[in-house]
Amino acid sequence: MNQESVSATLTFAVPAARVFAVLADPTTHAAIDGTGWVQAPADRAPLTEVGQIFRMDMYHSDHSDGDYQVVNKVEVLDPPRAIGWMTGTEQSDGRLEFGGWIWRYDLTPTGPSETAVTLTYDWSAVPQYIRDRGIRFPPFGPEHLTNSLYHLAELAAPASRV
């Protein structure tokens, strides 16, 4: 089997518009992340358009620098149904280089105050030269997506403030 994406779905007792608002706010992403790699937003502006760039400060013990920064480019923005971004890096000359993997959330209302949220990590567009570096896809265990959805559900709950 040559699967090049993984997904998880969880139903929240929250309207889709509320869930979307949390996802469109980069200041919530560290709290959503199920790996603990996302540390803080370097860009805090809400995600409002396809093509928008936003950066995140990261940490991973296996990364050559430990602390590093990723650049994200919004690829999907369909409020309140879908949001997704491609992740990459900024080169020393200022060029942005994206690796071909995408994070995407699809929100499906299942009632007036209930939403099924599917989180997908898709690496099907990763070019061969990046695969040849020995990066394993996905670079996290299967529990990551589910953990992220549980964190998102907590943040989007009516008692939470974003």
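Everything discussed here concerns the structure shown above.
The present account deals with the structure reproduced in this document.

### A few points about the environment of Glu4
Logical step 1: Along the chain, the position of Glu4 falls in the segment before strand S1 (5-12).
Logical step 2: Remark: the alpha-carbon pair of Glu4 and Ile102, spanning 98 residues in sequence, is separated by 11 Å.
Logical step 3: Contacts of Glu4, omitting those with residues within four sequence positions, involve Tyr121, Asp122, Trp123, Ser124 and Arg131.

### Brief notes about the pattern of salt bridges
Logical step 1: For the structure on display, the rule yields six salt bridges.
Logical step 2: Among the ionic pairs, Glu4 bridges to Arg131, the shortest N-O distance being 2.9 Å. Of this pair, Glu4 sits in the segment before S1 while Arg131 sits in helix H3 (residues 128-131), placing them 127 residues apart in sequence.
Logical step 3: Note that Arg81 is salt-bridged to Asp78, the shortest N-O span being 3.9 Å.
Logical step 4: Take Asp78: its relative accessible area is 35%, and that puts it in the partly exposed class.
Logical step 5: Because the salt bridges share partners, they merge into one network encompassing Asp43, Arg55 and Glu90.

### Focus on helix H1 (residues 16-23)
Logical step 1: For H1, every residue scored as buried is listed here: Ala16, Val19, Phe20, Val22 and Leu23. Projected down its long axis, H1 shows its buried positions confined to an angular sector of 160 degrees, all on one face.

### So, unusual backbone geometry
Logical step 1: Residue Pro79 is joined to Pro80 through a cis peptide bond whose omega torsion reads -10 degrees.
Logical step 2: For the bond from Phe137 to Pro138, the omega torsion is -10 degrees, close enough to zero to count as cis.
Logical step 3: In this structure, Pro138 sits in the loop between H3 and helix H4 (143-156).

### So, the nonpolar core
Logical step 1: Counting residues in each nonpolar core, the largest one holds 38 residues, and the members touching the most others are Phe12, Val19, Ile83, Tyr105 and Leu152.
Logical step 2: For this core, the elements supplying multiple residues, two or more each, are S1, H1, strand S3 (53-59), strand S4 (67-78), strand S5 (82-90), strand S6 (96-111), strand S7 (114-122) and H4.
Logical step 3: Those residues in contact with Tyr105, other than ones at most four positions away along the chain, are Leu23, Ile32, Arg81, Ala82, Ile83, Trp85, Val117, Thr118, Leu119, Leu149 and Leu152.

### Focus: the packing of aromatic side chains
Logical step 1: Under the definition given, this model contains eight aromatic pairs.
Logical step 2: Seen in terms of ring centroids, Trp103 and Phe140 are 5.6 Å apart; in terms of plane orientation they differ by 25 degrees. Their pairing is stacked. A residue pair is termed long-range when its members are at least 10 positions apart, and Trp103 in strand S6 and Phe140 in the loop between H3 and H4 qualify at 37 residues. Of the two residues, Trp103 and Phe140, neither departs from the other in class, the shared state being buried.
Logical step 3: What links up through ring pairs into an aromatic cluster is the set Trp101, Trp103, Tyr121, Trp123, Phe137 and Phe140.

### Structural notes on the side chain of Thr87
Logical step 1: Tracing the backbone through its elements, the reader meets Thr87 in strand S5.
Logical step 2: Those residues within four positions of Thr87 in sequence are excluded, and the remaining contacts are Val70, Val71, Asn72, Phe98, Gly99, Trp101 and Trp103.

What counts and what doesn't
Residues numbered from 1 in each chain as written. Predicted model: local features only at pLDDT ≥ 70, side-chain atom pairs only at ≥ 80, totals over all residues. Heavy atoms only, no water. Helix = DSSP H or I, 4+ residues; strand = E, 2+ residues; numbered from the N terminus. Contact = heavy atoms within 4.5 Å. Salt bridge = Lys/Arg side-chain N within 4 Å of Asp/Glu carboxyl O. Buried < 20%, exposed > 50% of the residue type's maximum accessible area, 1.4 Å probe, protein only. Arc of directions from axis to C-beta. Core = buried A, V, L, I, M, F, W, Y, C linked by side-chain atoms within 4.5 Å. Phe/Tyr/Trp six-rings, centres within 6.5 Å; stacked < 30°, edge-to-face > 60°.

Worth remembering: the numbers are spatial, not functional.
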